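# Remarks on the overall topology
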Amino acid sequence: DAKTTQPNSMESNEEEPVHLPCNHSTISGTDYIHWYRQLPSQGPEYVIHGLTSNVNNRMASLAIAEDRKSSTLILHRATLRDAAVYYCILSYNQGGKLIFGQGTELSVKP
Amino acid sequence: SAVISQKPSRDICQRGTSLTIQCQVDSQVTMMFWYRQQPGQSLTLIATANQGSEATYESGFVIDKFPISRPNLTFSTLTVSNMSPEDSSIYLCSVGPSGDYEQYFGPGTRLTVT
């Protein structure tokens, strides 16, 4: 399984943008890049996913490097409710399996 | 989207006993998965629950310890057998309507083994 590397923790101020990096240097051409987050005492929730092009949705944006060896999840205006563990995951044709790494614990200061 | 419920939400069990966890989805789904999250850790995939056939287990997990049933497209159970304190974890099910895209997770079952 292709692996991802994320910082263990990051801090942000409320209402400021947050850029969460993920390195995936062994990504294959058909691996999708997924981001999930887990709020305290909840199951993970889907945030966004992409293959090659940058992606936007109501929750976040995903910026994918041209060589696809790294990606960045962008929260445009962090709120206190965005404090969570964010997981960057690669998957392709694994029957939908998600292999979670350690993720980045994001704290948001008021 | 899919709404997932799990029962029980939490339980405290004695070592050597077994607990069956239920996962119910509000719509038919193709893929169902079971994960374990040990205290302070990330999620680890236990198995893929296949409808009408045996579950597919990940390395380190065996059917005798974690038997899984999937009788239809909206329901699955995971049994944690012959429990020990090391089995104390949160157990989560997830569903995916189509393989490599968005998955939805249940709220989890918090298991404590004494």
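Up top you'll find the structure we're talking about.
Residues numbered from 1 in each chain as written. Chains lettered and ligands numbered in written order. Predicted model: local features only at pLDDT ≥ 70, side-chain atom pairs only at ≥ 80, totals over all residues. Heavy atoms only, no water.

### Quick word on the side chain of E58 of chain B
Applied cut-off: Strands are runs of DSSP state E lasting at least two residues, helices are runs of H or I lasting at least four, and both sets are numbered from the N terminus onward. Note on definitions: a residue-residue contact is assigned when non-hydrogen atoms from the two residues lie within 4.5 Å.
Assignment of secondary structure puts E58 of chain B in the loop between β6 (56-57) and β7 (68-72). Setting aside chain neighbours within four positions, we find E58 of chain B in contact with K97 of chain A together with L45 and I46 of chain B.

### Brief notes about the environment of L20 of chain A
All names here are of chain A. The cut-off we apply is this: Relative accessibility decides the category of a residue: with a 1.4 Å probe and only protein chains considered, values under 20% of the type maximum give buried, values over 50% give exposed, and everything between is partly exposed.
Its location among the elements puts L20 in strand β2 (residues 18-23). Residue classification places L20 among the buried residues on the basis of a relative accessible area of 1%. Note: C-alpha distance between L20 and I74 (54 residues apart in sequence) is 6.4 Å. With residues up to four places along the chain from it excluded, the contact list for L20 reads M10, W35, S71, T72, L73, Y86, T104 and L106.

### What to know about the sheet that holds strand β5 (residues 55-56) of chain A
Residue and element names in this part refer to chain A. To be explicit about the condition: DSSP-based pairing: two strands are paired if at least 2 bridges between them are found.
With antiparallel pairing, the four strands of this open sheet are ordered in space as β2-β7-β6-β5. The open sheet is flanked by β2 and β5, the only strands paired with a single partner. Here four bridges tie strand β6 (residues 61-64) to strand β7 (residues 70-75), and the two strands are oriented antiparallel to one another. Pairing of S61 across the sheet is with I74, part of β7.

### Notes on the pattern of salt bridges
Residue and element names in this part refer to chain A. Note the threshold: Salt bridge, as used here: a side-chain nitrogen of Lys or Arg that lies within 4 Å of a carboxyl oxygen of Asp or Glu.
The tally for this structure, following the rule as stated, stands at five salt bridges over all chains. Residues E11 and K109 are paired through a salt bridge, measuring 3.4 Å at the closest nitrogen-oxygen approach. One end of the pair, E11, is in strand β1 (residues 9-13); the other, K109, is in strand β9 (residues 104-109), and 98 residues separate them in sequence. The exposure class assigned to K109 is partly exposed, which follows from its relative accessible area of 38%. Close ionic contact of R37 with D82 constitutes a salt bridge, the shortest N to O distance being 2.8 Å. Pair noted here: R37 is in strand β3 (residues 32-38) and D82 is in the loop between β7 and β8 (84-91), with a separation of 45 residues, a long-range link.

### Some words on the state of the cysteines
Our working definition: Defined by distance alone, a disulfide is two cysteine sulfur atoms within 2.5 Å.
Applying the stated criterion across every chain yields a total of two disulfides over all chains. Here C22 of chain A engages in a disulfide with C88 of chain A; their sulfurs sit 2.1 Å apart. One quick way to see it: the torsion about the S-S bond of C22 of chain A and C88 of chain A is about -80°, and its sign makes the bridge left-handed. Of the two residues, C22 of chain A sits in strand β2 while C88 of chain A sits in strand β8, which places them 66 residues apart along the sequence. As far as burial versus exposure is concerned, C22 of chain A and C88 of chain A are alike and both buried. In this model, C23 of chain B is linked to C93 of chain B through a disulfide, with the two sulfur atoms separated by 2.0 Å. Judged by the torsion about the S-S bond (70°), the C23 of chain B/C93 of chain B disulfide is right-handed.

### What about unusual backbone geometry?
With an omega dihedral of -10°, the bond running from K7 of chain B to P8 of chain B counts as a cis peptide bond. Here P8 of chain B shows up in the loop between β1 (4-7) and β2 (10-13). With a phi angle near 70°, E15 of chain A is a residue other than glycine that sits in the positive phi range. Its place among the elements puts E15 of chain A in the loop between β1 and β2. Phi at N82 of chain B is positive, roughly 45°, even though this residue is not glycine. Positionally, N82 of chain B belongs in the loop between β8 (75-80) and β9 (89-96). Relative accessible area serves as the criterion here: at 54%, N82 of chain B is assigned to the exposed category.

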